[in-house]
2 protein chains.
Amino acid sequence: MKTLMKFTPTSKSKRILGIDPGVATTGFGVIDYAKGDTMWVDHGIITTKAHLPLADRLKQINDELTALCRTYQPYTAGVEKIFFAKNTKTAIDVAHARGVILLTLKQLGIYTHEFTPIQIKMTLTGYGQADKHQIQMMSKATLRLAEFPHPDDAADALAIAICTAQHLHAFESKI
Amino acid sequence: MKTLMKFTPTSKSKRILGIDPGVATTGFGVIDYAKGDTMWVDHGIITTKAHLPLADRLKQINDELTALCRTYQPYTAGVEKIFFAKNTKTAIDVAHARGVILLTLKQLGIYTHEFTPIQIKMTLTGYGQADKHQIQMMSKATLRLAEFPHPDDAADALAIAICTAQHLHAFESKI
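Residues numbered from 1 in each chain as written. Chains lettered and ligands numbered in written order. Predicted model: local features only at pLDDT ≥ 70, side-chain atom pairs only at ≥ 80, totals over all residues.

Colleague: An account of the confidence of the model for chain A is requested, with residue identities and associated values reported.
Modeller: Residue and element names in this part refer to chain A. In the predicted model, chain A carries a mean pLDDT of 90, and 91% of its residues have values of at least 70. The secondary-structure element of chain A with the lowest mean pLDDT is helix H5 (residues 152–174), recorded at 90, while helix H1 (residues 54–72) shows the highest, at 98. Interface confidence for the predicted complex, expressed as ipTM, amounts to 0.88; the pTM equals 0.90. (pLDDT = per-residue confidence, 0-100. Helix = DSSP H or I, 4+ residues; strand = E, 2+ residues; numbered from the N terminus.)

Here you go:
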């Protein structure tokens with residue numbers, strides 16, 4: 001992914017990991033945050049195969065997320081909360097992965113913020129009913145990316161990371 | 001818990017751990033199985049406090065389940081599958097804990113069988129619509145317990161352990 005501006009991390013920048021949980025596909029987005037500004041670092045997906053037992057898939061998510069955290073050493077993380085009105089079977093699948101992700105981050109000592117989909121939309125666009133395209137436009141603009149981040153799960157994870165950074169900024173501004 | 005018969009584990013008996021997952025209360029039941037017979041070993045619950053962050057509660061379940069497995073060294077485990085028709089919020093809560101439990105057992109190298117509530121009822125009573133009392137009666141009789149196991153989550157976990165043992169027996173009989 002090309003960015004329109006070179007970014008050199010400083011000792012004052014904080015690394016933030018955004019995660020969009022799922023058993024088949026977990027999206028991740030890594031950004032650096034300093035003085036209210038955010039910069040793209042990486043994004044991608046962890047995928048597991050449907051024919052494997054659920055326990056094996058969850059262990060793979062745990063292993064790959066642990067490796068990702070060892071590589072990027074995030075200061076904090078943001079994870080989306082589950083929206084109950086969606087398909088129940090999907091929500092239950094996501095919750096299995098989400099439980100494992102919250103545990104993994106806790107075991108690594110990374111404090112995790114939780115946001116509802118509406119909070120994420122509100123934070124990024126100021127509008128709680130924003131659609132996927134509006135969110136991606138804001139992520140692209142905020143991180144000064146040359147193109148739209150993809151796939152969707154990784155783009156969602158970047159939006160969660162930006163949301164976490166903005167909450168961190170609001171919190172720090174109050175101190 | 002008093003049993004009506006003394007049981008001396010032999011080198012041929014296999015220890016089975018049954019688990020009824022939940023964030024607030026996870027029930028566990030430990031039994032020994034040998035030659036188609038089952039014997040009670042222990043049962044109880046892991047409880048977490050509602051005021052704690054979800055990640056802390058999931059880590060506590062992971063820690064206590066790991067300690068339980070180190071104590072009892074189960075050969076295999078059985079975990080209930082989530083029944084979708086129930087309350088969605090409850091199902092999502094259970095799935096967070098269930099994901100962590102499946103991961104914990106996988107990390108400890110314990111193979112886990114998964115059963116639907118109907119499979120458990122069918123296996124114990126021969127009737128898929130059996131009520132809680134009928135299941136508890138069968139658990140008490142099968143394990144030759146002097147009284148009904150309680151609380152309910154631990155009793156359910158013992159029923160899952162018995163179901164796992166009976167499936168193991170059916171499998172071994174085919175070899």
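Colleague: A description of the packing of helix H4 (residues 132–142) of chain A against H5(A) should follow, citing residues and the corresponding values.
Modeller: The relative placement of two packed helices comes down to the angle between their axes together with the axis-to-axis distance. All names here are of chain A. The interhelical angle for the contact between H4 and H5, taken along N-to-C directions, is 60°, at an axis separation of 10 Å. Classified by chirality, the crossing of H5 by H4 is left-handed. Between H4 and H5, the contacting residues are Ile135, Gln136, Ser139 and Thr142 on the first element and Ala155, Leu158, Ala159 and Ile162 on the second. Class assignment of the residues belonging to the contact of H4 with H5 gives a composition of five nonpolar, three polar and no charged. (Axes fitted to C-alpha atoms, helices over the stretch in contact; angles between N-to-C directions. Left-handed = near helix turned anticlockwise from the far one by under 90°. Contact = placed C-beta atoms within 7 Å. Nonpolar A, V, L, I, M, F, W, Y, C, P; charged D, E, K, R; others polar.)

Colleague: Before we move on, could you go through the interface of chain B and chain A and cite the residues and values that matter?
Modeller: Counting residues at the interface gives 24 residues for chain B and 24 residues for chain A. Per-element tally for the side of chain B that touches chain A: the top contributor is helix H2 (residues 88–107) of chain B, with 15 residues. Grouping the amino acids of the side of chain B that touches chain A by side-chain chemistry returns 13 nonpolar, six polar and five charged.

Colleague: Which residues make up the environment of B:His169, and what values go with them?
Modeller: The topology assignment puts B:His169 in helix H5 (residues 152–174). Linking B:His169 and B:Lys35, residues 134 residues apart in sequence, is a C-alpha distance of 7.5 Å.

Colleague: Please provide a residue-by-residue account of the packing of helix H1 (residues 54–72) of chain B against H2(B), values included.
Modeller: All names here are of chain B. At their nearest, the axes of H1 and H2 sit 10 Å apart, and the two run at 35° to each other. The handedness of the crossing between H1 and H2 comes out as right-handed. Taken together, the residues of H2 that come into contact with H1 (itself represented by Leu54, Leu58, Ile61, Asn62, Leu65 and Thr66) are His96, Ala97, Val100, Ile101 and Thr104. Classifying every residue of the contact of H1 with H2 by side-chain character gives seven nonpolar, four polar and no charged.

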